[in-house]
Amino acid sequence: MAWRSAGFARTFSALRPTPAAQIRKRLLPSEGPALYIIGGADAWLRGRALRTVASHHLGEQPAPYRRRRLNGLRTKRDQLESAARTVSFEGAPVVIVENATRLVQPPRTKAGRRLGEAFLGLVTEPPGKTVIAVEWERDPDRRRKEWRALGKALAAAVKEKRAVAVDADPPPESRMPAWIRSAAGERGLALPDGGAELLAERFGSDLRRQTNEIEKLLAFTGDDGAGAVSMADMEAVLGGGSLRDRFRFTNSVERGDTAQALEALDRLLGEGEHPTVLLPLLYRTLVRLQLAQAWKPGRESLAGAVGAPPRVAEDLRRTAARFTPADLRRLLREAAATDLRLKSSSLDGRAALTALAGKPGRAGEGGRGSGRPDG
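About the criteria used
- Residues numbered from 1 in each chain as written.
- Predicted model: local features only at pLDDT ≥ 70, side-chain atom pairs only at ≥ 80, totals over all residues.
- Heavy atoms only, no water.
- Helix = DSSP H or I, 4+ residues; strand = E, 2+ residues; numbered from the N terminus.
- Buried < 20%, exposed > 50% of the residue type's maximum accessible area, 1.4 Å probe, protein only.
- Contact = heavy atoms within 4.5 Å.
- Areas by Shrake-Rupley, 256 points an atom, 1.4 Å probe, with all protein chains shown as cover.
- Lys, Arg positive; Asp, Glu negative; His and termini not counted.
- Charge placed at Lys NZ, Arg CZ, Asp CG, Glu CD.
- Expected span 1.5 Å × (residues − 1).
- Arc of directions from axis to C-beta.
- Phe/Tyr/Trp six-rings, centres within 6.5 Å; stacked < 30°, edge-to-face > 60°.
- Pairing = 2+ DSSP bridges.
- Axes fitted to C-alpha atoms, helices over the stretch in contact; angles between N-to-C directions.
- Right-handed = clockwise from strand over helix to strand, strands pointing away.
- Polar contact = N/O pair within 3.5 Å; in protein donor to acceptor, adjacent residues only side chain to side chain.
- pLDDT = per-residue confidence, 0-100.
- Core = buried A, V, L, I, M, F, W, Y, C linked by side-chain atoms within 4.5 Å.

**Student:** Is there a simple way to think about the overall build of the protein in this case?
**Tutor:** Along the backbone of the protein there are 18 helices and eight strands. Oriented by its inertia axes, the alpha-carbon framework of the protein measures out at about 80 × 55 × 40 Å. Residue burial in the protein is summarised as follows: out of 375 residues, 49% are buried. When contacts within the protein are restricted to residue pairs at least 6 apart in sequence, those whose partners lie at least 24 apart make up 74%. Counting only carbon and sulfur atoms, one obtains 49% of the accessible surface of the protein, whose full area is about 18,700 Å². For the protein, the distance from the average position of its 63 positive side-chain charges to the average position of its 45 negative side-chain charges is 8 Å.

**Student:** Sorry if this is basic, but what is going on with helix α17 (residues 325-344) here?
**Tutor:** Side chains of residues three or four places apart in an α-helix project in the same direction, reflecting 3.6 residues per turn. Across its 20 residues, α17 extends 29 Å between first and last C-alpha, which sits within 8% of the 28 Å expected from 1.5 Å per residue. Looking only at α17, the buried set comprises D327, L328, L331, L332, A335, T338 and L342. Looking straight down α17, one finds its buried side chains confined to an arc of 135 degrees; they lie on one side. Looking at α17, the residues exposed on the side facing more than 90 degrees away from the buried face are R333, L340 and S344.

**Student:** Teacher, can you tell me more about the packing of aromatic side chains here?
**Tutor:** Each pair of aromatic rings is reported with the distance of its centres and the angle of its planes. Taken as a whole and assessed by the stated rule, the structure comprises four aromatic pairs. When the centroid spacing of 5.0 Å and the interplanar angle of 35 degrees are considered together, the rings of F8 and F12 count as tilted. The exposure classification of F8 matches that of F12, with both residues buried. Here W44 and W179 contribute two aromatic rings whose centre-to-centre distance is 6.5 Å and whose plane-to-plane angle is 80 degrees, an arrangement assigned as edge-to-face. Placement of W44 in helix α3 (residues 43-58) and of W179 in helix α8 (residues 176-186) is noted, with a sequence separation of 135 residues between them. Each member of the pair W44 and W179 is classed as buried. Grouping aromatic residues by their ring pairs yields a cluster made of F8, F12, W136 and W147.

**Student:** Is there a simple way to explain the sheet that holds strand β4 (residues 94-98) in this structure?
**Tutor:** As a general point, the strands of a sheet are linked pairwise by backbone hydrogen bonds and lie either parallel or antiparallel. Ordered by their spatial adjacency, six strands build an open sheet running β1-β6-β2-β5-β4-β3, and the pairing between neighbours is parallel. The open sheet is flanked by β1 (18-19) and β3 (67-71), the only strands paired with a single partner. Summarising the sheet, β3 and β4 pair through five bridges and their orientation is parallel. The residue of β4 that forms the bridge with R67 is V94. Sitting on the sheet, α3 touches β2 (34-39), β3, β4, β5 (131-136) and β6 (163-167), and the angle it makes with β2 is about 165 degrees.

**Student:** How should I be thinking about the pairing of β4 in this particular structure?
**Tutor:** Sheet faces and side chains relate simply in a regular strand, where the side chains alternate between the two faces. With four of five residues buried, β4 lies mostly within the body of the structure. Once the chain exits β3 it traverses helix α4 (residues 77-85) before rejoining the sheet at β4, and the crossover so formed is right-handed. Bridge count for β4 against β5 is four bridges, and the pairing is parallel. Across the sheet, the residue bridging to I96 is A133, located in β5.

**Student:** So what exactly am I meant to see when it comes to the side chain of T75 here?
**Tutor:** In this fold, T75 is placed in the loop between β3 and α4. Under the relative-accessibility criterion, T75 is labelled buried at 2%. A polar side-chain atom of T75 sits 2.7 Å from the main-chain carbonyl oxygen of N71. Among residues more than four places away in sequence, those in contact with T75 are L70, L80, R102 and L115.

**Student:** What am I meant to see in the confidence of the model for the protein here?
**Tutor:** On average, residues of the protein score 83 in pLDDT, and 91% of them reach the 70 mark or higher. Here residues 1-5 is modelled with pLDDT under 50, and outside its nearest four sequence neighbours on either side it reaches 17 contacts, counting other chains as well. The model gives residues 365-375 a pLDDT under 50, and that stretch makes 27 contacts with residues more than four places away or in other chains.

**Student:** Can you walk me through the nonpolar core in this structure?
**Tutor:** Side chains of a nonpolar character, in soluble globular proteins, are inclined to be buried together. The biggest cluster of nonpolar side chains holds 42 residues, and the ones touching the most others in it are Y36, I180, L191 and M234. It is α3 that contributes the most residues to this core, seven residues altogether. In this structure, L265, L269, L316 and L353 belong to the second largest nonpolar core, which totals 31 residues.

This is the structure in structure tokens:
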């Protein structure tokens, strides 16, 4: 089972993982010893965490022989042992093992077993002041005997405060605007109302891209490296006037605001956006309406259930209440059928998409369910 569905923090809760964004608060004493387990689905977060660990323990001007990088896909026991246990004249080593799944789930061979035993030994009895940081993406098979022993050793190391687990999963969709605002604020950039949501809508959970776009906006503000941007600035810098209209389009459908949804859609189509590109945005919104309608108060919040910020989740819930469950199922089937026809026939995409986009807002005009699709 990959943790992309379960989440690193939940899968490895026994290791008390800290979010990658907060790693500086959990760094161990710079002189070592220290062990870091860095895992999760976002490669950019994992890489940044590794660099943070290395700079903390190596200092601003690291001695050339202390940093030791290994590729876990090819590392052998002797290489791991030598890198971790050989002290240079400049001090204890800082060992960075990338792609390290083989260390925690070794191949079922004699060499693999020796590699796993070597890593378990380093966790159980740290060599001197050595610092070790291992990074992996794929969830090891925790049913295997090797993991049971290693898992207990890692949990003990965390409890004894000589190891830190780092969660490098991206934030869920509902928390992306908050992550974007925080990342911008850390760099001295003030985003306008709706700016973080626009970035989230445009670039999703691609944290590397989000960070690059924030840096681009920051550079736009001037040489002082700090400032604020407007929505118009964002449209100009991010490229394409359709960015704001995409956000307006989906936001209006979520609120059931037919007039604004159709106005934004008309602008998008007028700018050359193709209906086959816009229809998935509408379909995604319809799915979230269905999730909001099915939500019941309990363990999971409404925002968590629909994958949206609380304000947007409430808009979805109010719009969804205008439909019966059967109505929403029919509307989703109509959207899927429209997508197929757009790709396989000469259907008028503008007319079909306009008809679909207006139905969430018109659903309540004649009472519950009056927005039922034809057929």
